[in-house]
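Read off the chains here:
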Amino acid sequence: MAHFEDLQPSFWDTSSDYGVQPPLTDRAVAEAEQLLNITLPDSLLDLLRAQNGGRVSDSRNAFPVSRPTSWSPDHVPFDSVMGIGRRQRMLSMLDSPYLVEEWGLPAAVVVISGDGHYWIGLDYRSCGRHGEPSVAWLDAEDNSELTLAPNFHFFIKGLTSAREFENE
């Protein structure tokens, strides 16, 4: 699987520390995978090793969709990524079990972004807990879901700027 060194400099909004967890360690990854009972995608871990969560740059804050959602007819937002950690008053991937229960999400999903009205998550339902998960949009507003990409690598490659959709 390709690494994302070419994307990393333009991926994170480094002007904000909102949502940023302490630097990611191998121990934190192992503890998260054990707690969540999953294997996290290497492509996600590559990004989190550069910066452990936080705001996404304006050039990568949306993902185009093939059908309308409660958010928009043509894209979904992706303005931040949950890191792995326990920084106070910050959601992290470690909160997935609570968020899944609180919002009635599928049990085999690890939440990586969202605000309660919607979530974007790693969906392990088809691949099993240690396979390569797809990336799904889970919409609490209309109780729907949409597969965005077959894996996190393709999801990241498909990200674009929300500005591209403003004039449509």
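Reading the values: rules and limits
Positions within a chain are numbered from 1, following the residues in the order the chain's sequence is written. Owing to the predicted nature of the model, reporting of local features is limited to residues with pLDDT of at least 70; listing and counting of side-chain atom pairs is limited to 80 or more, with chain, interface and lining totals taken over all residues. Hydrogens and water are ignored here; the side-chain numbers use all heavy atoms of the structure. In this scheme, strands are said to pair when DSSP sees at least two bridges between them. What counts as a helix is a DSSP run of H or I of at least four residues, what counts as a strand is a run of E of at least two, and both are numbered from the N terminus. Lines are fitted to the C-alpha atoms to define the axes, a helix being fitted only along its stretch in contact, and any angle between axes, read from their N-to-C directions, falls within 0 to 180 degrees. In this analysis, two residues are considered to be in contact whenever any of their non-hydrogen atoms come within 4.5 Å of each other. Here is the rule: rings of Phe, Tyr and Trp (six-membered ring for Trp) pair when centre to centre is within 6.5 Å. Planes less than 30 degrees apart are stacked, more than 60 are edge-to-face, and the remainder are tilted. The cut-offs for exposure are 20% and 50% of the maximum accessible area for each residue type, with area from a 1.4 Å probe on protein chains only; residues under the lower value are buried, those over the upper are exposed, and the others partly exposed. Salt bridge criterion: a side-chain nitrogen from Lys or Arg within 4 Å of a carboxyl oxygen from Asp or Glu. Within this scheme a cavity is a closed region of a 1 Å grid, computed over the protein atoms alone, that accommodates a 1.4 Å probe without allowing it to escape, whereas a pocket is open but has protein on both sides within 12 Å along at least five of seven lines; lining residues each have an atom within 4 Å of a point. Grid points are joined across faces, edges and corners, and a volume is the space filled by probe spheres set on the points. Think of it as three bins: nonpolar holds Ala, Val, Leu, Ile, Met, Phe, Trp, Tyr, Cys and Pro, charged holds Asp, Glu, Lys and Arg, and polar takes everything else, Gly as well. In these notes, a set of buried Ala, Val, Leu, Ile, Met, Phe, Trp, Tyr and Cys residues joined through side-chain atoms within 4.5 Å is what counts as a nonpolar core. Note that the arc is computed from the directions linking the helix axis to the C-beta atoms.

1. Concerning the sheet that holds strand β7 (residues 134-139)
Thought 1: The four strands lie next to each other as β5-β6-β7-β8, forming an open sheet whose pairing is antiparallel. A single partner strand is all that each edge strand has here, and the edge strands are β5 (109-114) and β8 (144-149). This sheet shows a mean twist of 30° between the axes of neighbouring strands, independent of strand direction.
Thought 2: When β5 meets strand β6 (residues 118-123), the two strands line up antiparallel, connected through five bridges. Bridging from a neighbouring strand, Ser113 pairs with Ile120 of β6.
Thought 3: Here helix α4 (residues 96-103) sits on the sheet in contact with β5 and β6, set at roughly 85° to β5.

2. Structural notes on the packing of aromatic side chains
Thought 1: Taken as a whole, this structure holds seven aromatic pairs when the rule is applied.
Thought 2: Between Phe78 and Phe155, the aromatic rings sit 4.8 Å apart at their centres with planes inclined by 85°, giving edge-to-face as the arrangement. With Phe78 in the loop between β3 (75-77) and β4 (80-81) and Phe155 in helix α5 (residues 152-158), this residue pair connects regions lying 77 residues apart in the sequence. The burial state of Phe78 is the same as that of Phe155; both residues are buried.
Thought 3: Here the aromatic residues Phe63, Phe78, Phe152 and Phe155 are joined through ring pairs into a cluster of three or more.

3. Comments concerning the pattern of salt bridges
Thought 1: The full count for this structure, using the stated rule, is seven salt bridges.
Thought 2: Among the salt bridges present, the one from Asp17 reaches Arg87, with a minimum N-O distance of 3.7 Å. Here Asp17, found in the loop between α1 (8-11) and α2 (26-36), pairs with Arg87, found in the loop between β4 and α4; they are 70 residues apart in sequence, far enough to count as distant.
Thought 3: According to the relative accessible area criterion, Arg87 is partly exposed, its value standing at 29%.
Thought 4: Two residues, Arg86 and Asp95, come together in a salt bridge whose shortest N-O distance is 3.8 Å.

4. A look at the layout of surface pockets
Thought 1: Of the voids in this model, the largest pocket is the one considered here, and its volume is about 250 Å³.
Thought 2: Forming the walls of the largest pocket are 13 residues, and the residues nearest its centre are Tyr18, Ser80, Met82, Leu91 and Gly114.
Thought 3: Elements with a minimum of two residues in the lining of the largest pocket: β1 (54-55) and β4.
Thought 4: Of the residues that constitute the lining of the largest pocket, the class distribution is six nonpolar, four polar and three charged.

5. A word on the pairing of β6
Thought 1: Burial analysis of β6 places six of its six residues in the buried class, which makes it a mostly covered element.
Thought 2: Connecting β5 to the next strand, β6, in antiparallel fashion are three residues, including Gly116 with a positive phi near 105°.
Thought 3: Relative to β7, β6 runs antiparallel, the two being bridged by six bridges. Counted as the bridge partner of Trp119 is Leu138 from β7.

6. Quick word on the nonpolar core
Thought 1: Judged by nonpolar contacts, the single largest core of 46 residues is most densely connected at Ile84, Leu148 and Phe155.
Thought 2: Secondary structure elements with two or more residues in this core: α2, α3 (42-50), α4, β5, β6, β7, β8 and α5.
Thought 3: What Phe155 contacts, discounting residues up to four positions off in sequence, is Phe63, Phe78, Ile120, Val135, Leu148 and Ala149.

7. Here we look at α2
For an α-helix, the turn length of 3.6 residues means that residues three or four places apart are oriented alike.
Thought 1: Along α2, the positions that sit buried rather than exposed are Ala28, Val29, Ala32 and Leu36. The arc enclosing the buried residues of α2, seen along the axis, measures out at 100°, which places them on a common side. For α2, exposure combined with an orientation more than 90 degrees from the buried face picks out Asp26, Arg27 and Gln34.
Thought 2: Buried residues belonging to α2 abut α3, α4 and β5.

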